[in-house]
Amino acid sequence: MSVGHVLVVAKAKVVCAEQGAQPCGKVALVAGNPPLDAGLARITTGTADNQVARLGVTMQAVARVTKDAQVIKSGTATGVTLGIVVDPDVAVPIQYDTGVKTVRGFLIKPDPSTSGPLIDHGDSGAPWLLTDGRGKALPLLAGVNVGFPAQGSGFPQDCALACHAEDVMKALGVTLWRPDALAPAPVPFIAAPAHAPPAPMLVATREAAILRGLPSQTANRLDGLAPGQLVHVLATRDGWAQVSLKGDNLIDGFVWADLLRPPG
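The structure displayed is predicted, hence computed values, not measured ones. Each chain carries its own residue numbering, running from 1 in the written order of its sequence. Local features in a predicted model are, by the rule used here, given only for residues with pLDDT of at least 70; side-chain atom pairs are given and counted only at 80 or more, and totals for whole chains, interfaces and linings are based on all residues. Hydrogens are left out, water is left out, and the side-chain values use all remaining heavy atoms of the structure.

Peer 1: Give a detailed account of the overall build of the chain, specifying residues and quantitative values.
Peer 2: Where helices and strands are cited, they refer to DSSP runs of H or I of at least four residues and of E of at least two residues respectively, numbered from the N terminus. For the chain, the count of helices and strands is one helix and 18 strands. We call two residues contacting when some pair of their heavy atoms lies within 4.5 Å. Residue pairs at least 24 apart in sequence account for 58% of intrachain contacts in the chain once pairs closer than 6 positions are excluded. Accessible surface area values rest on a Shrake-Rupley calculation with a 1.4 Å probe, where residue burial reflects the displayed protein chains alone. With the model as given, the accessible surface of the chain reaches about 12,100 Å², and the carbon-plus-sulfur share is 53%.

In structure tokens form, the structure reads like this:
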């Protein structure tokens, strides 16, 4: 786990450490089948900043990735790089000093616009964020970087594995720190508080509805929603519904609200 980009315990919450902070802690594989590669650290000297270094955004919510979604990371070794999600749910062998261990998460390949390596040694623990589909980071934390697939594993060596942020936080019992004085986010609205249950809705159209990364007809397409599919509305604004597919208050994307109706 990098010194410059780690999940840090601060007031029992999680923030992104500023480059140069000196955390202390122990990194370990978290129980699971297969396990996650994650850990926590506490800053004892230096400072922490809410913004992800070099990306200029403050993580405000956790989101899941889908296949072909564009993601971005800022790592200590390779800096800012763009990737495309190849597989949103996969178990990959990773080489450790003690041997090869299989870790679950999502697999990322280099974005065609990226030159040079996607990751390198020293990028472990770097945050992967969703983008607007055009290379601009959104304040939506998708995952935590792990590393390369092990040689001979059958997975491409230029890819990266990241653990889902949702899984990591549940396993470690932490939440994302969102102070009240956050700067305005580059996304129009954020999920409702965890205590507010999302409203179940059905896709009412005969054709598949489009799930988009932003509330805009020109935003990148994340997925198609089948007619009759159940979604959970976290918030609505300007004709758009911000939805969760599992009803767990995690943002999956945006859909035109007129295409939804209550069940029954």
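Next comes the rest of the description.
Peer 1: Tell me about the packing of aromatic side chains, and please be specific about residues and values.
Peer 2: Aromatic rings from Phe, Tyr and Trp, taking only the six-membered ring of Trp, are treated as a pair when their centres fall within 6.5 Å; an angle between ring planes under 30 degrees marks them as stacked, one over 60 as edge-to-face, and anything in between as tilted. This structure, assessed with the given rule, holds one aromatic pair. Judged by centre distance (5.3 Å) and plane angle (80 degrees), the rings of Trp-240 and Trp-256 are edge-to-face. Highlighted residues: Trp-240 in strand β16 (residues 240–244) and Trp-256 in strand β17 (residues 253–256), separated in sequence by 16 residues. Type-normalised accessible area, obtained with a 1.4 Å probe on protein chains alone, sets the label of each residue: buried when under 20%, exposed when over 50%, and partly exposed for intermediate values. Residue Trp-256 is classed as partly exposed on the basis of its relative accessible area of 30%.

Peer 1: Explain the pattern of salt bridges to me, and be specific about the residues and the numbers.
Peer 2: Salt bridge, as used here: a side-chain nitrogen of Lys or Arg that lies within 4 Å of a carboxyl oxygen of Asp or Glu. Throughout the structure, instances matching the rule amount to four salt bridges. Between Asp-68 and Lys-67 there is a salt bridge; the shortest N-O distance is 3.5 Å. Here Asp-68 falls in the exposed class, since its relative accessible area comes to 52%. Between Arg-134 and Asp-132 there is a salt bridge, and its shortest N-O distance comes to 3.8 Å. Here the residues in one salt-bridge network are Arg-64, Glu-166 and Asp-252, joined through shared partners.

Peer 1: Provide a residue-level description of the nonpolar core, including the pertinent values.
Peer 2: If you look at the biggest cluster of nonpolar residues, it comprises 21 residues, and the most contacted ones within it are Val-65, Val-71, Phe-106, Ile-108, Trp-128, Leu-130 and Leu-140. Counting only elements with at least two residues in this core, the list comes to β8 (99–110), β9 (127–131), β10 (137–147) and β11 (160–164). Ranked by size, the runner-up nonpolar core spans 15 residues in total, among them Val-57, Leu-82, Leu-129 and Leu-141. Grouping buried Ala, Val, Leu, Ile, Met, Phe, Trp, Tyr and Cys residues that are joined through side-chain atoms within 4.5 Å yields what is termed a nonpolar core.

Peer 1: Please set out the confidence of the model for the chain residue by residue, giving values where relevant.
Peer 2: The quantity called pLDDT is the predictor's confidence in a given residue, expressed from 0 to 100. Per-residue pLDDT for the chain has a mean of 76; in total, 74% of the residues score no lower than 70. Considering only residues more than four positions removed or in separate chains, one finds that residues 179–188, a stretch of pLDDT under 50, has 16 contacts. Considering only residues more than four positions removed or in separate chains, one finds that residues 190–195, a stretch of pLDDT under 50, has 13 contacts.

Peer 1: Lay out the pairing of strand β12 (residues 199–203) with the relevant residues and their values.
Peer 2: Here, strands pair whenever DSSP counts at least two bridges between them. Strand direction decides the pairing type here: β12 and strand β15 (residues 230–237), joined by four bridges, are antiparallel. Note on β15: the bridge partner recorded for Ala-199 is Val-233. As defined by bridge partners, β12 adjoins strand β18 (residues 260–261) across two bridges and the pair is classed as antiparallel. Directly across from Val-203, in β18, lies its bridge partner Leu-260.

Peer 1: Explain the side chain of Glu-166 to me, using residue names and the numbers behind them.
Peer 2: Summarising the element assignment, Glu-166 is placed in helix α1 (residues 165–172). Classification of Glu-166 as buried rests on a relative accessible area of 12%. If near-sequence neighbours (up to four positions away) are discounted, Glu-166 is found in contact with Val-62, Arg-64, Asp-248 and Leu-250.

Peer 1: Hey, could you go over unusual backbone geometry for me, with residue numbers and the actual values?
Peer 2: One non-glycine residue, Arg-54, adopts positive backbone phi at about 70 degrees. Tracing the backbone shows Arg-54 in the loop between β4 (36–45) and β5 (61–62). With a phi angle near 75 degrees, Asp-68 is a residue other than glycine that sits in the positive phi range. Along the polypeptide, Asp-68 turns up in the loop between β5 and β6 (70–75).

Peer 1: Can you explain the environment of Gln-70? Please cite residues and give values.
Peer 2: Its place among the elements puts Gln-70 in strand β6. The class for Gln-70 is buried, based on a relative accessible area of 10%. Note: C-alpha distance between Gln-70 and Pro-110 (40 residues apart in sequence) is 9.7 Å. For Gln-70, the contacting residues outside a window of four places in its chain are Leu-82, Gly-83, Ile-84, Asp-111, Leu-129, Leu-130, Thr-131, Gly-133, Arg-134 and Gly-135. For the purposes of these results, a polar contact is taken to be a pair of N or O atoms within 3.5 Å, where, inside protein, one atom must be able to donate a hydrogen and its partner to accept one; residues adjacent in sequence count only when each atom of the pair is a side-chain atom. Among the polar contacts listed, one links the side chain of Gln-70 to the side chain of Asp-111, at a separation of 3.1 Å.

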